[in-house]
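The primary structure of each chain is shown beneath.
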Amino acid sequence: MRSIGLTGGIGSGKSIVAQIFSTLGIPVLDADALAKKIMHENAEVKAQIMDAFGAESYNLQGLNRPYIANIVFKDPFQLQVLNSIVHPATIEAGKIWASQQNAPYTIKEAALFFESGSAEGMDIIIGVYAPDALRLQRVMNRDQISREEVLNRMNHQISQTIKMKLCDKVIINDEQSLLIPQVLELHNEWATY
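For the structure given in this document, a descriptive report is provided here. This is a predicted model, so every value here is computed, not measured. (Residues numbered from 1 in each chain as written. Predicted model: local features only at pLDDT ≥ 70, side-chain atom pairs only at ≥ 80, totals over all residues. Heavy atoms only, no water.)

A closer look at the packing of helix 7 (residues 132-143) against helix 8 (residues 147-154)
- Relative orientation of the contacting elements helix 7 and helix 8 amounts to 120°, with a least axis distance of 9 Å. Taken together, the axes of helix 7 and helix 8 lie oblique to each other. Remark: the crossing between helix 7 and helix 8 carries right-handed chirality. Of the residues in helix 8, those in contact with D132, R135, L136, V139, M140 and D143 of helix 7 are R147, V150, L151, R153 and M154. (Axes fitted to C-alpha atoms, helices over the stretch in contact; angles between N-to-C directions. Helix = DSSP H or I, 4+ residues; strand = E, 2+ residues; numbered from the N terminus. Parallel < 35°, antiparallel > 145°, perpendicular 65-115°, else oblique. Left-handed = near helix turned anticlockwise from the far one by under 90°. Contact = heavy atoms within 4.5 Å.)

As structure tokens, then:
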């Protein structure tokens, strides 16, 4: 079974592409959702986060996301600290998940494949490309945050140009190119592998 990575910058539309693969019956793992679950449920990860960022990292609702985001998106070193805690646990959980699937291939959707080192475990990486202005508008609308906050998050990811060059395949999601035919072309190639 092939392991396919699906990545793209914030607001690129990788989740929409993942949904299309899922509709085709392909198992899809949302690594970002898995990481959030691990931060909420994994006692060892929680303890490491509290050691690194203080007891305020968690409240009665669980992970104090605004508190953590305020720290890590202002300081690249602190972001690396958080990633060094969460990424290894997420990569390991992803391997366990993939081993339990029965399909010609699986899709692992993650924003930070290259940044986290998890690209090494994938047979192929698909990049989802969207123009920066469109990505910016999508995230502002989706998350109800300011332009500056979106740009700050974008600046903490590898540039889209570099990310797409690192990918084996690229899907264009610019609201001009049709997504389904692009996904079907890849699916047809891998479903019979």
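Digging into the nonpolar core
- In this structure, M39, V45, I49, I68, L82 and V86 are the most contacted members of the largest nonpolar core, which totals 18 residues.
- Sorting the residues of this core by element identifies helix 2 (31-41), helix 3 (43-53), helix 4 (65-72) and helix 5 (76-99) as the ones contributing at least two each.
- A total of six residues in this core trace back to one element, the largest contributor, which is helix 5.
- Filtering out sequence-adjacent residues up to four positions away, M39 remains in contact with V45, K46, I49, Y58, L63, L82 and V86.
- Listed in part, the 17 residues of the second largest apolar core include A18, F21, I126 and V183. (Core = buried A, V, L, I, M, F, W, Y, C linked by side-chain atoms within 4.5 Å. Buried < 20%, exposed > 50% of the residue type's maximum accessible area, 1.4 Å probe, protein only.)

Brief notes about the pattern of salt bridges
- All told, the structure shown has five salt bridges when counted by the stated rule.
- Across the pair R142 and D143 runs a salt bridge whose closest N-O atoms are separated by 2.8 Å.
- Linked by salt bridges that have partners in common, R142, D143 and R153 make up one network. (Salt bridge = Lys/Arg side-chain N within 4 Å of Asp/Glu carboxyl O.)

Some thoughts on the pairing of strand 6 (residues 124-129)
- For strand 6, a buried count of five out of six residues is recorded, marking the element as mostly surrounded by other parts of the structure.
- As paired strands, strand 1 (residues 2-7) and strand 6 are joined by four bridges and run parallel to one another. Bridge pairing in strand 6 places G5 opposite I125.
- By the bridge criterion, four bridges tie strand 6 to strand 7 (residues 169-172) in an arrangement that is parallel. Residue pairing in the sheet places I126 in a bridge with K169 of strand 7. (Pairing = 2+ DSSP bridges.)

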